[in-house]
Amino acid sequence: MTADDIRALQTAAALENLAVSVYQTAAGLPFIKDGNKTVAAFIAKTTEQHQAHAQAFNAAATAGGGKAQTGPDPKYKAVVDQTLPTIKTPADVVKLAITLEDVAAQTYTKNVGQVSSADLRKLFASVAPVEAQHRAVLLAVQALLAGNAADLITIPVDPAKLPAAAGSVGFPDAFYKTDNASPITEGAVQ
């Protein structure tokens, strides 16, 4: 395993650590905790997935001789720190979560082509679509919230009641872009 592989894994773990922190904070907000049960369930499940991803990235980093990254990504932690005090509604939470899920998906998609082994490519390639799926769900939730249709955020969903925007916003890209991918050094252990 190369030093760049370890840095890429540490940066990925840093993004996951930040996502866990944000989702845990969101879960404690009254309008989330006491609000839509489907949104609360999504946050709980997504938190578990991000914890598992952080563990997988850290396990690979330490197996390769690196240190585990237990801290958050510094660039996006600054974004979170600036945004958290302004969060007043579920839509604000969703907007922040979309940002974090998008950068994670872009980063892991780009990392597939940057790491040196098939095992690491498989790891990044298995986590990237999960983050893209989180983003897709959040984009649909965002559309429902914007359309004053929060009551339609349910599982199971009644597709006949959904506005067209709820189904069309979730997958805006045929190929996942990587323009905003974090560089492999961004969250590396210093």
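Shown above is the structure to which this text applies.
This next bit is on empty space enclosed by the protein. Throughout the structure, instances matching the rule amount to one cavity of 30 Å³ or more. By volume, the largest cavity amounts to about 40 Å³. Lining the largest cavity are Val22, Thr25, Ala26, Leu29, Leu84, Ile87, Val93 and Leu96. Broken down by secondary-structure element, the contributors of at least two residues to the lining of the largest cavity are α1 (3-28) and α5 (90-112). The dominant element in the lining of the largest cavity, judged by the number of residues it contributes, is α1, at three residues. Classifying every residue of the lining of the largest cavity by side-chain character gives seven nonpolar, one polar and no charged.

This part is about the nonpolar core. Membership of the largest hydrophobic core comes to 43 residues, with the highest contact counts inside it found for Leu9, Tyr23, Ile43, Phe57, Tyr108, Phe124 and Leu138. For this core, the secondary structure elements donating two or more residues are α1, α3 (37-63), α4 (74-83), α5 and α6 (118-146). Take this core: its biggest share by element is ten residues, from α1. Excluding its chain neighbours within four sequence positions, the residues that come into contact with leucine 9 are Met1, Phe57, Ala60, Ala61, Leu120, Leu123 and Phe124.

The rules behind each value
- Residues numbered from 1 in each chain as written.
- Predicted model: local features only at pLDDT ≥ 70, side-chain atom pairs only at ≥ 80, totals over all residues.
- Heavy atoms only, no water.
- 1 Å grid on protein atoms, 1.4 Å probe; cavity = no way out; pocket = protein on both sides within 12 Å on 5 of 7 lines; lining within 4 Å.
- Points joined across faces, edges and corners; volume = space filled by probe spheres on them.
- Helix = DSSP H or I, 4+ residues; strand = E, 2+ residues; numbered from the N terminus.
- Nonpolar A, V, L, I, M, F, W, Y, C, P; charged D, E, K, R; others polar.
- Core = buried A, V, L, I, M, F, W, Y, C linked by side-chain atoms within 4.5 Å.
- Buried < 20%, exposed > 50% of the residue type's maximum accessible area, 1.4 Å probe, protein only.
- Contact = heavy atoms within 4.5 Å.

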